[in-house]
Amino acid sequence: MPYSKYLPEHMGSIKLLTPGPFVAGAYAELVLIYTSGTFGIDDTGMLKLSWRTTSDLSKPQFNKPEAPNFTTVEASNGAKLEVWFDRLNIRPYANTLLIRVGRGYLRASDTLTIRIGDRRKGSPGLRLQTNVEKNVELRTSVDAFATYEFCELPEQPGFDLMAGPATRWRAILPSLAVVREPFRLAIVAEDMWGNPTADAAATFRPKTSQPLRGLPDSIAIAKGDGPRVIEGLVADQAGDLDLSLTADDKIVGHANPLRVVNAAPLRRYWADLHGQSGETIGMGTAEDYFHYARDKAFIDMVGHQGNDFQITDAFWKKLNELTAAFDQPGKFVCLPGYEWSGNTGMGGDRNIFFRREGRPIRRSSHILVQGETSTAAIYTADKLFTALSGEDCRVIAHVGGRYADLKYAHDGRVERSVEVHSTWGTFEWILHDAFEKGFRVGVVCHSDDHKGRPGATTPGASTFGAMGGLSCYFMPELTRDALFEALRQRRHYGTTGTRLFLDIRGTFEQEVTGFSDDPKLGPAQELPVREAMMGDIIRPKTVPMRLFVEAIGTAPLDRIDVLHGTQVVQSARPFGASDLGRRVRLLWQGAEYRGRGRETIWQGKLAVANNRILRFAPVNFLNPERKVEETAAGSALAWTSVTTGNLAGIDLWLDAPRAGALRIETNIVSGEVDLGKLADDTVAFDGGGLGRKLSVYRLPENDWSRRLTLEHDVAFKGGADLPVYVRVTQADGHQAWSSPIYLID
């Protein structure tokens, strides 16, 4: 459906009578008047109003006048209209309200009155997009001649979305600090949809587990202040620091864990290297995108990864200018790069990062930028790796609309990591694909943000079913060079967006062989070592490895799993059987399949017989519109939830700890659990698809430890590589994955 350029000034005009601004995620009535131009609109001609593909603005509906999103269109001359919604337009404006003049026609100056969220018969209105954006455009195009050739109008209607009132506070610390070296605390208010908001006022008393020089006794934030940053904090002694914010004697926010050490050859820096802005498929400008990462998400490093087939030469030049301007060694790292967005059957998505600006962009196609490029397209991932040979770059395999197929193409010289989580979902299977092929890769998690919120991405009300991920990189300094070295050595771990503290180390009772690089890829220096950290490649021969794991969560920890390749070989939990009682967790997880439509919609209900539900709480319900409803007091619940490889659930607090039965029915899988027999084990029901299942198990009645350590012995028997890594799961549904330690023959 190409856009015609034929006489746009004669195709009419459209005006938004309710211009806003509006609160993101609120309900509103959008009233637009289209006035036809010189040619009118012929019989069976059309008008299209389109908004961004990744917007979660609600879909209009046309037959329930009292329900949300009710939409009407009326012609001033009484012409009969056909009106419907579809994703039927050119990216990045796929969401479309289509209006066909079915019987009759429009003459010049005839009008169409469009009410999206028509409130005249009781509808609350249209639920607006949930993320903040300037000028949310309703791009309007006209097929005046009934040829299905649409011409965009010269002036387009739009409105601004602003953040709502604060519903929660976040406190952000570094994960590692050195005694007597200054660091900062950032305090951010967020609305119900996760937008940073200045519509917030509070006076906090910070409480810490050890003294901090420079921390005020009281922190007052007034409306309009925005994020508060307190610089120059200093810890005078080593140890793990807990910080909470209290207001009116209630804890309203916990900071992420901070470890203070006497010396640190490797620091910990948080990054979201993967997202894009409105110049491609995202929202907002690239400049706003970088500002958000630095000044609102408070991450240390960011990258921009626009779909290559939407990046013109002019925008590539602009991106390179922006990354150069924002990159400040020692303060903030900003990487140039792009997403090679090849079709799945031709290798799938790859994130490409350059150490320096000015490198050529090698696109997977020119489908949306024909005539605006100066380099030839490279259609397949294997040829991409050939073209990248000799480039100073890093590549990360990504699972998005098109998932990276490592079995089709991989080059370990540049592709050192796989992305196991983003706002698209959780994809531990891509790591297992790498193991199957004998590839030695690390684990990262980034957001693939499309909403202008890198480093703090929430899914909103869209089919994106997960929080955006974050990765912690082990680096001696905050520079591009140090980041490239961390990626080369796989010294990083990824999370589902939380900043938990994770450390894994392997020790050996006698010297074993480590390597300066992957010996599969060429000559590598052999090094005598007695210790390994995540990402290392070790030839132990017959010497066993003792693995030490430590995790400090941002919420109570559910479990740590140790994996040998794809198999869980040991699990640890920070509580025992004697701590379990009346709290029972129902968990569901998984995806439909690997591709774009991977989200699973869980429509479920549960009933408790011969017992009573005293209270319940949702787990990892990320969309505020999706709620758990009590359908029968004390005995039955119902819900709708989305998973895309990640997990969600419900906690139940029962009247009797070990009595009755729990019956679960969902559209995916159902089952029944005898609560009298449920001990400290897990009852699971397979749901098919890609890792879909229901699980039922007990937890302590009240919150428990955020800290857990374990030791694990590994005896390598030779043969194929043995990747050893850990997966951490918090009680709130957040997860983390370490990069593996590879034991090789």
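Whatever comes next refers back to the structure up there.
To keep things clear, this report deals only with the structure shown in the data block.

Criteria and cut-off values
- Residues numbered from 1 in each chain as written.
- Predicted model: local features only at pLDDT ≥ 70, side-chain atom pairs only at ≥ 80, totals over all residues.
- Heavy atoms only, no water.
- Helix = DSSP H or I, 4+ residues; strand = E, 2+ residues; numbered from the N terminus.
- Rg over C-alpha atoms; globule rule 2.2 N^0.38 Å.
- Buried < 20%, exposed > 50% of the residue type's maximum accessible area, 1.4 Å probe, protein only.
- Areas by Shrake-Rupley, 256 points an atom, 1.4 Å probe, with all protein chains shown as cover.
- Lys, Arg positive; Asp, Glu negative; His and termini not counted.
- Charge placed at Lys NZ, Arg CZ, Asp CG, Glu CD.
- Salt bridge = Lys/Arg side-chain N within 4 Å of Asp/Glu carboxyl O.
- Core = buried A, V, L, I, M, F, W, Y, C linked by side-chain atoms within 4.5 Å.
- Contact = heavy atoms within 4.5 Å.
- Pairing = 2+ DSSP bridges.
- Axes fitted to C-alpha atoms, helices over the stretch in contact; angles between N-to-C directions.
- Phe/Tyr/Trp six-rings, centres within 6.5 Å; stacked < 30°, edge-to-face > 60°.
- Lys NZ or Arg CZ within 6 Å of the ring centre and 35° of its normal.
- Polar contact = N/O pair within 3.5 Å; in protein donor to acceptor, adjacent residues only side chain to side chain.
- Disulfide = S-S within 2.5 Å.
- Arc of directions from axis to C-beta.

### Focus on the overall build of the protein
And step 1. Within the protein, the regular secondary structure consists of 5 helices and 56 strands.
And step 2. For the protein, the C-alpha radius of gyration of 27 Å lies close to 27 Å, the compact-globule estimate for 745 residues.
And step 3. Each of the 745 residues in the protein was classed as buried or not, and the buried ones make up 59%.
And step 4. As displayed, the protein has an accessible area near 28600 Å², and 48% of this comes from carbon and sulfur atoms.
And step 5. Charge centroids of the protein, computed over 87 positive and 91 negative side chains, lie 1 Å from each other.

### Some points on the pattern of salt bridges
And step 1. Summed over the entire model, instances satisfying the criterion amount to 57 salt bridges.
And step 2. For Glu436, the salt bridge goes to Lys407, with nearest N and O atoms at 3.2 Å. Of the two residues, Glu436 is situated in helix 4 (residues 428–437) and Lys407 in the loop between strand 31 (393–397) and strand 32 (415–422); the sequence distance between them amounts to 29 residues.
And step 3. With relative accessibility at 56%, the residue Glu436 sits in the exposed group.
And step 4. By relative accessible area, Lys407 is classed as partly exposed at 42%.
And step 5. The partner of Glu711 in a salt bridge is Arg546, and the shortest N-O contact between them spans 2.8 Å. With Glu711 in strand 53 (residues 707–714) and Arg546 in strand 40 (residues 545–552), this pair connects stretches of sequence that are 165 residues apart.

### Examining the nonpolar core
And step 1. Formed by 62 residues in total, the largest nonpolar core has its most connected members in Tyr338, Leu502, Leu547 and Leu743.
And step 2. If you tally residues by element for this core, the top one is helix 2 (residues 313–326), at 5 residues.
And step 3. Ignoring any residue separated from it by four or fewer positions in sequence, one finds Leu743 in contact with Phe508, Ile538, Pro540, Met545, Val714, Phe716, Asp721, Leu722 and Val724.
And step 4. Grouped together as the second largest cluster of nonpolar side chains are 36 residues, Leu81, Leu106, Leu126 and Cys151 included.

### Re the sheet that holds strand 1 (residues 3–4)
And step 1. Strand order across the open sheet formed by 6 strands is 1-14-13-6-9-8, with mixed pairing between neighbours. Both edges of this open sheet fall to strand 1 and strand 8 (80–87), since each of them pairs with a single strand only.
And step 2. By the bridge criterion, 6 bridges tie strand 6 (residues 46–51) to strand 9 (residues 95–103) in an arrangement that is antiparallel. The residue of strand 9 that forms the bridge with Met46 is Arg100.

### Focus on the pairing of strand 51 (residues 683–686)
And step 1. As judged from the 4 bridges shared by strand 51 and strand 52 (residues 690–700), these two strands associate in the antiparallel manner. In the sheet register, Phe685 faces strand 52, and the bridge partner there is Leu694.
And step 2. Taken together, strand 51 and the strand that follows it, strand 52, pair antiparallel across an intervening segment of 3 residues, in which Gly688 is found at a positive phi of about 70°.

### Notes on the environment of Arg180
And step 1. Within the fold, Arg180 resides in the loop between strand 17 (176–178) and strand 18 (183–190).
And step 2. The class of Arg180 is exposed, set by a relative accessible area of 55%.
And step 3. Here the alpha-carbon distance between Arg180 and Leu470, two residues 290 residues apart in the chain, equals 27 Å.
And step 4. When residues no more than four places from it in sequence are discounted, the contact partners of Arg180 are Arg213, Val234, Ala235 and Asp236.

### Things to note about the sheet that holds strand 17
Two pairing modes exist for strands in a sheet, parallel and antiparallel, and in both the strands are linked by backbone hydrogen bonds.
And step 1. An order of 17-25-22 is seen for the 3 strands of this open sheet, with the pairing classed as mixed. Looking at strand neighbours, the two that pair on one side only are strand 17 and strand 22 (239–241), the edges of this open sheet. Direction aside, the axes of adjacent strands within the sheet are offset by 30° on average.
And step 2. Alignment of strand 22 against strand 25 (residues 258–261), held across 3 bridges, turns out to be antiparallel.

### Focus: the packing of aromatic side chains
And step 1. Here the structure, examined in full by the defined rule, presents 21 aromatic pairs.
And step 2. Ring centres of Phe39 and Phe145 lie 4.9 Å apart, and the angle between their planes is 55°; on these two criteria the pair is classed as tilted. Residue Phe39 is located in the loop between strand 5 (30–35) and strand 6, and its partner Phe145 is located in the loop between strand 13 (139–143) and strand 14 (150–152); the two are separated by 106 residues in the primary sequence.
And step 3. A relative accessible area of 34% places Phe39 in the partly exposed class.
And step 4. Between Phe474 and Tyr493 the ring centres are 6.0 Å apart and the planes differ by 55°, which places this aromatic pair in the tilted class. With Phe474 in strand 35 (residues 470–475) and Tyr493 in strand 36 (residues 492–495), the pair connects residues that are 19 residues apart, well separated along the chain. The residues Phe474 and Tyr493 share a single accessibility class, namely buried.
And step 5. By way of ring pairs, the aromatic residues Tyr6, Phe39 and Phe145 are connected into one cluster.
And step 6. Lying across the ring of Phe150, Lys48 places its NZ or CZ 4.1 Å from the centre.
And step 7. Over the ring of Phe501 we find Arg268; its NZ or CZ atom is 3.9 Å from the centre of that ring.

### Thoughts on the side chain of Thr53
And step 1. Positionally, Thr53 belongs in the loop between strand 6 and strand 7 (71–75).
And step 2. Judged by relative accessible area, Thr53 falls into the buried class, the value being 15%.
And step 3. A polar side-chain atom of Thr53 sits 3.2 Å from the main-chain amide nitrogen of Ala94.
And step 4. In contact with Thr53, not counting residues within four places along its chain, are Arg87, Arg91, Pro92, Tyr93, Ala94, Asn95 and Ile281.

### A look at the state of the cysteines
And step 1. According to the stated counting rule, one finds 0 disulfides in the structure shown.
And step 2. Here Cys445 is not cross-linked by a disulfide; its sulfur's nearest cysteine counterpart is in Cys472, at 12 Å.

### Some points on helix 3 (residues 381–388)
And step 1. Residues Ala381, Leu384, Phe385 and Leu388 constitute the buried set of helix 3. Seen along its axis, helix 3 keeps its buried residues to an arc of 95°; they face one direction. For helix 3, the exposed residues lying more than 90 degrees away from the buried face are Lys383 and Thr386.
And step 2. Considering only its buried residues, helix 3 is in contact with strand 29 (337–341), strand 30 (349–354), strand 31 and strand 32.
And step 3. Taken from the residues just after helix 3, Gly390 is the one with a positive phi, measuring 95°.

### Overview of unusual backbone geometry
And step 1. Cis geometry marks the peptide bond from Gly20 to Pro21; its omega dihedral reads 5°.
And step 2. With an omega of 10°, the peptide bond running from Arg91 to Pro92 counts as cis.
And step 3. Mapped onto the secondary structure, Pro92 falls in the loop between strand 8 and strand 9.
And step 4. Here Asn69, not a glycine, exhibits a phi torsion of approximately 75°, which is positive.
And step 5. Despite not being glycine, Asp448 has its phi angle at roughly 50°, a positive value.
And step 6. Relative to the helices and strands, Asp448 is located in the loop between strand 34 (442–445) and strand 35.

### Looking at the environment of Ala648
And step 1. Structurally, Ala648 can be placed in strand 48 (residues 647–654).
And step 2. Those residues in contact with Ala648 that sit more than four places away from it in its chain are Leu586, Leu587, Trp588, Val619, Asn620, Ser641 and Thr643.

### A short note on the side chain of His366
And step 1. Tracing the sequence through the fold places His366 in the loop between strand 30 and helix 3.
And step 2. Polar contacts involving the side chain of His366 include one to the side chain of Thr373, which spans 3.4 Å.
And step 3. Excluding residues within four positions of it along the chain, His366 makes contact with Thr373, Thr375, Ala376 and Ala377.

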